[in-house]
Amino acid sequence: MIHAKKALRREVLQRLKAAAAADPAQLRSAALRKQLAPYLQQKELCVAIYAPLEHEVNLLPLMQEYPQHRFVFPLCLPGHKLRFHEVRDIAADMQPGAMNIPEPAPHTPAVAPQDIDLLIVPGVAFTHRGDRMGYGGGFYDRFLPLCPQAQVMALAFAEQMVDFIPTEPHDLRIENIITC
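Note that the structure is predicted; figures quoted are calculated from it, not measured.

Asker: Describe the packing of aromatic side chains, naming the residues involved and giving the relevant values.
Answerer: Counted by the stated rule, this structure contains 2 aromatic pairs. On the numbers, 6.4 Å between centres and 70° between planes, the contact of phenylalanine 84 with tyrosine 140 is edge-to-face. In this pair, phenylalanine 84 is assigned in strand 3 (residues 81-86) and tyrosine 140 in helix 5 (residues 139-143), connecting sequence segments 56 residues apart. Side by side, phenylalanine 84 and tyrosine 140 carry an identical accessibility label, which is buried. Ring centres 4.9 Å apart and planes at 45° place the aromatic pair phenylalanine 84 and phenylalanine 143 in the tilted group. Of this pair, phenylalanine 84 sits in strand 3 while phenylalanine 143 sits in helix 5, placing them 59 residues apart in sequence. What makes phenylalanine 84 buried here is its relative accessible area of 1%. Put simply, the rings of Phe84, Tyr140 and Phe143 touch in pairs and so form one group of aromatic residues.

Asker: Can you break down the pattern of salt bridges residue by residue, with the values?
Answerer: Counting across every chain of the model gives 10 salt bridges. Between aspartate 23 and arginine 28 there is a salt bridge, with the nearest N and O atoms lying 3.7 Å from each other. Connected through salt bridges with shared partners, the residues Lys5, Glu168 and Asp171 form a single ionic network.

Asker: Any chance you could break down the nonpolar core for me, citing the residues and the numbers?
Answerer: Counting 53 residues, the largest nonpolar core has Ile49, Ile116, Leu119 and Ile120 as its most contacted members. Discounting chain neighbours no more than four positions away, the residues touching isoleucine 120 are Leu36, Val47, Ala48, Ile49, Tyr50, Leu59, Met153, Ala154 and Leu155.

Asker: So what about helix 1 (residues 2-21)? Which residues, and what values?
Answerer: An ideal rise of 1.5 Å per residue puts 28 Å on 20 residues; helix 1 measures up with 29 Å between its terminal C-alpha atoms. Buried within helix 1 are the following residues: Lys5, Leu8, Arg9, Val12, Leu13, Leu16 and Ala19. Buried residues of helix 1, seen end-on, are gathered within an arc of 135° and therefore sit on one face of the element. Residues of helix 1 that are exposed and angled more than 90 degrees away from the buried face: His3, Arg10, Gln14, Ala18 and Ala21. Lining the buried residues of helix 1 we find helix 2 (27-36), strand 8 (125-126) and strand 9 (132-133).

The rules behind each value
Residues numbered from 1 in each chain as written. Predicted model: local features only at pLDDT ≥ 70, side-chain atom pairs only at ≥ 80, totals over all residues. Heavy atoms only, no water. Phe/Tyr/Trp six-rings, centres within 6.5 Å; stacked < 30°, edge-to-face > 60°. Helix = DSSP H or I, 4+ residues; strand = E, 2+ residues; numbered from the N terminus. Buried < 20%, exposed > 50% of the residue type's maximum accessible area, 1.4 Å probe, protein only. Salt bridge = Lys/Arg side-chain N within 4 Å of Asp/Glu carboxyl O. Core = buried A, V, L, I, M, F, W, Y, C linked by side-chain atoms within 4.5 Å. Contact = heavy atoms within 4.5 Å. Expected span 1.5 Å × (residues − 1). Arc of directions from axis to C-beta.

Given below as structure tokens:
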């Protein structure tokens, strides 16, 4: 199963990188953010997002589009664990982390999992039934049970949607996937 996941991950990442090169204006990310808009119409939410890699859906403009919400970002901890921190200004509150992926700076306040209202999960591949394949660390599979009150969703490009993902018992499903 591990080899099948690695092969699928490699295949989808190649498709994503090619598609990202063909969309330098990130119009597809903007289209997905527009589809997310109905979920962000409430007065105040604590929204968990992530700093995107160049081939991922860019959620950062949400911070300007919905200033009434608190936005929190993941910090990777030892043991493949996550802790989310509030970020108000990307330039001031984020710093390069593992693999040069931006993460919250030490001065940003930590947020309890039970305070998160909407959690947008990254991933490499998804199925229409909600199976998700991440990057292989299991960070979100460990974190999601800590916030059962949160509405969990993913935004995915068409290249990320596949018919089948080999899953293991610890792999959690994402009930709401927005795709284009």
